[in-house]
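Listed here are the chains, written in short residue letters.
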Amino acid sequence: VALIISLATAPFDLWWAPKRIATLTQEGGLELGARMWGIGTALVIVAGTGVALGGPLLIHLLFPAGYGGAYGYLYPLVLLQGAHIITTFTNVGSYARSNGSYVFAIEAFSAAIAVTGYAFLVEPSGVNGVMASMAAGQVIRFALHLWLGKELAPLPYPWIPALASIAGAVLLVILAPDAADLLWRFLYGLIAAPILIGVIIASGLVQVPAAFLATLRRRFC
């Protein structure tokens, strides 16, 4: 269920990924790359929140009753999948090199961290050990791509707006009705969606074009 986030963000990734390396050397390319990163991150946040709120509905409708215990695993897996996709948006500096050695080394090392965690944590901790190992691998992967990629792609990433938007999304999920209250959960999701979009825009993670705002004012004000 958490992998639905990838489906929601794939169109943006497929459109932007072929363009992002070329923009690094263009005038204003770093700023454009940072804006596109913000848009991609916003899509991850919206999709992740939607899956976190709506995932229990899918589990209830599509799976036998015994799968109700999976609700508790959904939220950390949404965070992990979101981190995976955001790292993919952040690795432009690693891919901008003349060969794939940096990418291979980073991916192999972070995978080794996760597999090592499986070896030591799965038996005593079960599924929680799996998720902790995945989290360790994702953190290492993100940090290495960011650190080793900044030489060729020193993008001015909007970290504060991104963290503020993520915090808003997490708060909305925490305040949601219990996963068993499916109707209230659905109605809450309808209210939470515009609130989250408002938080993302207010934080500056996504900048709405001035012309679009002017059009809205003319029509509704």
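Look a little higher up for the structure.
Residues numbered from 1 in each chain as written. Predicted model: local features only at pLDDT ≥ 70, side-chain atom pairs only at ≥ 80, totals over all residues. Heavy atoms only, no water.

Even after reading the chapter, I still don't get a nonpolar patch on the surface, so can you show me in this structure?
On the surface, L79, W159, L163, I166, V170, L171, I174 and L175 cluster together to form a nonpolar patch covering roughly 770 Å² of accessible area. The dominant element in the nonpolar patch, judged by the number of residues it contributes, is helix α7 (residues 159–174), at six residues. By secondary structure assignment, the location of L171 is in helix α7. L171 gets classed as partly exposed once you look at its relative accessible area, which sits at 47%. (Patch = residues over 30% accessible without salt bridge, like charges linked within 9 Å, V, L, I, M, F, W, Y side chains within 5 Å. Areas by Shrake-Rupley, 256 points an atom, 1.4 Å probe, with all protein chains shown as cover. Salt bridge = Lys/Arg side-chain N within 4 Å of Asp/Glu carboxyl O. Helix = DSSP H or I, 4+ residues; strand = E, 2+ residues; numbered from the N terminus. Buried < 20%, exposed > 50% of the residue type's maximum accessible area, 1.4 Å probe, protein only.)

What am I meant to see in the side chain of R97 here?
Residue position: R97 is located in the loop between α4 (92–95) and α5 (101–125). A distance of 3.4 Å separates the side chain of R97 from the side chain of E151, its partner in a polar contact. Sequence-distant contacts of R97, defined by excluding residues within four places in its chain, comprise Y102, L148, E151 and L152. (Polar contact = N/O pair within 3.5 Å; in protein donor to acceptor, adjacent residues only side chain to side chain. Contact = heavy atoms within 4.5 Å.)

Even after reading the chapter, I still don't get the environment of L172, so can you show me in this structure?
Topologically, L172 is positioned in helix α7. Taking the C-alpha atoms as reference points, L172 and A52, 120 residues apart in sequence, are found 10.0 Å from one another. Contacts of L172, omitting those with residues within four sequence positions, involve L53, Y188, A192, I195 and L196.

Honestly, the pattern of salt bridges in this entry has me stumped. Any pointers?
Close approach of charged atoms allows side chains of opposite charge to pair. Summed over all chains, the structure comprises two salt bridges. Notably, a salt bridge pairs E151 with R97, separated by 3.4 Å at the nearest N-O pair. On the criterion of sequence distance, the pair formed by E151 in the loop between α6 (127–149) and α7 and R97 in the loop between α4 and α5 is long-range, its members being 54 residues apart. For E151, a relative accessible area of 61% puts it in the exposed group. Of the charged contacts in the structure, one is a salt bridge between E107 and R141, with a shortest N-O distance of 3.0 Å. In this pair, E107 sits in helix α5 while R141 sits in helix α6, placing the two residues 34 residues apart along the sequence. Classification of R141 by relative accessible area gives buried; the value is 6%.

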